[in-house]
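Inside the fold
One-letter residues, chain by chain:
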Amino acid sequence: MATYVMSDLHGCRKEFNQMLDLIQYSTECDELWIVGDICDRGNESIPLLLQIADNPSMHIIFGNHDVWLEKYASDLILAKKDCGCIDMTEDFVCWLHSNGGYSTADQFMDLSFPQCHDLRLYLEENRRFYQYLNIHGRKFLLVHAGVGDEYFTPDVRLSAVPEGVLVWAHIGIDDNPFNDTTMIVGHTPTFCYGSEYAGKIIHGKNDTIYHIDCGCVYGKALGCLRLDDMQEFYVPSSYPSVY
């Protein structure tokens, strides 16, 4: 049995399935944790989410894009049912226009009503923002964006950190406040820390924090980390490079 982590899939289902093949993922023996942002920007957000939801060995941690889909799923179902209009709040428009939500919303509304309700329920029941794991005696913390400056202390309790911070924080390469825990984070594509990190997992602070959003949807790569031995795996992106 092995435990794998990926993050920021952003609808890149082709690369996701290539990665499963590369790591020879076993749905009966292995576990996969996806550290946020399954949907938006890419081409197959909802098919990818349905695939993950249908697999009990795969677990999700919410990122900011998953928060948006869960937040507006009920409104999209009502609009589909009544052919009505959704209140175009600033936040809703921000999701659709600026963060790749249009294709996700369209694919969601193309589902049958039972599928829509099942997916909404799946998101509600799996609404977690962090996860601690112990792998062979090594303690890990999986969280989408990290811990913001205001909460950057070794004794911080994650339950006291606002959900918005856990999915939206922008942290430095070495920003792990914990002395006994290895952090696994996504959210910020690694190329944003420097061109030398494009398409690569970043090791920060003596290997106590790993940044695993390798920018697949931006034309770089999908990265995966096996926590049992910290081996890295990569699948090249099929998307055009935009940065």
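Our subject is the structure listed above.
In short, a report on the structure. These figures come from a predicted structure and were not determined experimentally.

On to the overall build of the chain. Across its full length, the chain carries 7 helices and 10 strands. Taken over the C-alpha trace, the chain has a radius of gyration of 17 Å; the compact-globule value for 243 residues is 18 Å, and the two agree within 12%. Dimensions of the chain, computed from the C-alpha atoms along their principal axes, are close to 55 × 40 × 35 Å. A separation threshold of at least 6 residues defines the contact pool for the chain, and within that pool the share at least 24 residues apart is 69%. Within the structure as shown, the chain displays about 10,900 Å² of accessible surface, and the carbon and sulfur contribution to it stands at 49%. Put simply, the chain has 16 plus and 35 minus side-chain charges, and the middle of one group is 1 Å from the middle of the other.

Turning to helix α3 (residues 64-82), a few remarks are in order. With 19 residues, α3 extends 28 Å from end C-alpha to end C-alpha; this agrees with the ideal 27 Å at 1.5 Å per step. Taken as a whole, α3 carries its principal kink of about 45° at Tyr-72. Buried-residue contacts for α3 involve α2 (45-53), β3 (58-61), α4 (90-98), α5 (101-109), α6 (113-125) and α7 (163-168).

Our focus in this paragraph is unusual backbone geometry. Peptide bonds are, in most cases, trans, and in most cases residues other than glycine have a negative phi. Here the phi dihedral of Gln-24 falls at roughly 55°; this positive angle occurs in a residue that is not glycine. Examined against the element boundaries, Gln-24 turns out to sit in the loop between α1 (13-22) and β2 (31-35). For His-136, which is not glycine, the phi dihedral falls at a positive 55°. Relative to the elements of secondary structure, His-136 occurs in the loop between β4 (130-135) and β5 (138-143). Judged by its relative accessible area of 65%, His-136 is exposed.

Spatially, 5 strands are ordered β3-β2-β1-β9-β10 in an open sheet, and the strand pairing comes out mixed. The open sheet has two edge strands with one neighbour each: β3 and β10 (231-236). Taking each pair of neighbouring strands and ignoring which way they run, the sheet shows an average axis angle of 20°. With respect to the sheet, α1 is in contact with β1 (3-6), β2, β3, β9 (221-226) and β10, its orientation differing from that of β10 by roughly 140°.

What the rule picks out here adds up to 9 aromatic pairs. Here the aromatic rings of Tyr-4 and Tyr-25 are separated by 6.1 Å at their centres, their planes lie at 65°, and the arrangement is edge-to-face. A residue pair is termed long-range when its members are at least 10 positions apart, and Tyr-4 in strand β1 and Tyr-25 in the loop between α1 and β2 qualify at 21 residues. Per residue, the accessibility class of Tyr-4 equals that of Tyr-25, and both read buried. A ring pair is formed by Tyr-72 and Trp-95, whose centres lie 5.9 Å apart and whose planes are at 10°; its orientation type is stacked. Linking Tyr-72 in helix α3 with Trp-95 in helix α4, this pair joins segments that are 23 residues apart in sequence. We note that Tyr-72, like Trp-95, is buried. Over the face of the ring belonging to Phe-113 we find Lys-80, whose NZ or CZ atom lies 5.0 Å from the ring centre. Here the guanidinium or amino end of Lys-220 rests over the ring plane of Phe-191, the centre of that ring lying 4.7 Å away.

Cut-off values and rules
- Residues numbered from 1 in each chain as written.
- Predicted model: local features only at pLDDT ≥ 70, side-chain atom pairs only at ≥ 80, totals over all residues.
- Heavy atoms only, no water.
- Helix = DSSP H or I, 4+ residues; strand = E, 2+ residues; numbered from the N terminus.
- Rg over C-alpha atoms; globule rule 2.2 N^0.38 Å.
- Contact = heavy atoms within 4.5 Å.
- Areas by Shrake-Rupley, 256 points an atom, 1.4 Å probe, with all protein chains shown as cover.
- Lys, Arg positive; Asp, Glu negative; His and termini not counted.
- Charge placed at Lys NZ, Arg CZ, Asp CG, Glu CD.
- Expected span 1.5 Å × (residues − 1).
- Bend = angle between axes of the 7 residues up to and from the residue.
- Buried < 20%, exposed > 50% of the residue type's maximum accessible area, 1.4 Å probe, protein only.
- Pairing = 2+ DSSP bridges.
- Axes fitted to C-alpha atoms, helices over the stretch in contact; angles between N-to-C directions.
- Phe/Tyr/Trp six-rings, centres within 6.5 Å; stacked < 30°, edge-to-face > 60°.
- Lys NZ or Arg CZ within 6 Å of the ring centre and 35° of its normal.

Nothing here speaks to function; it is all geometry.
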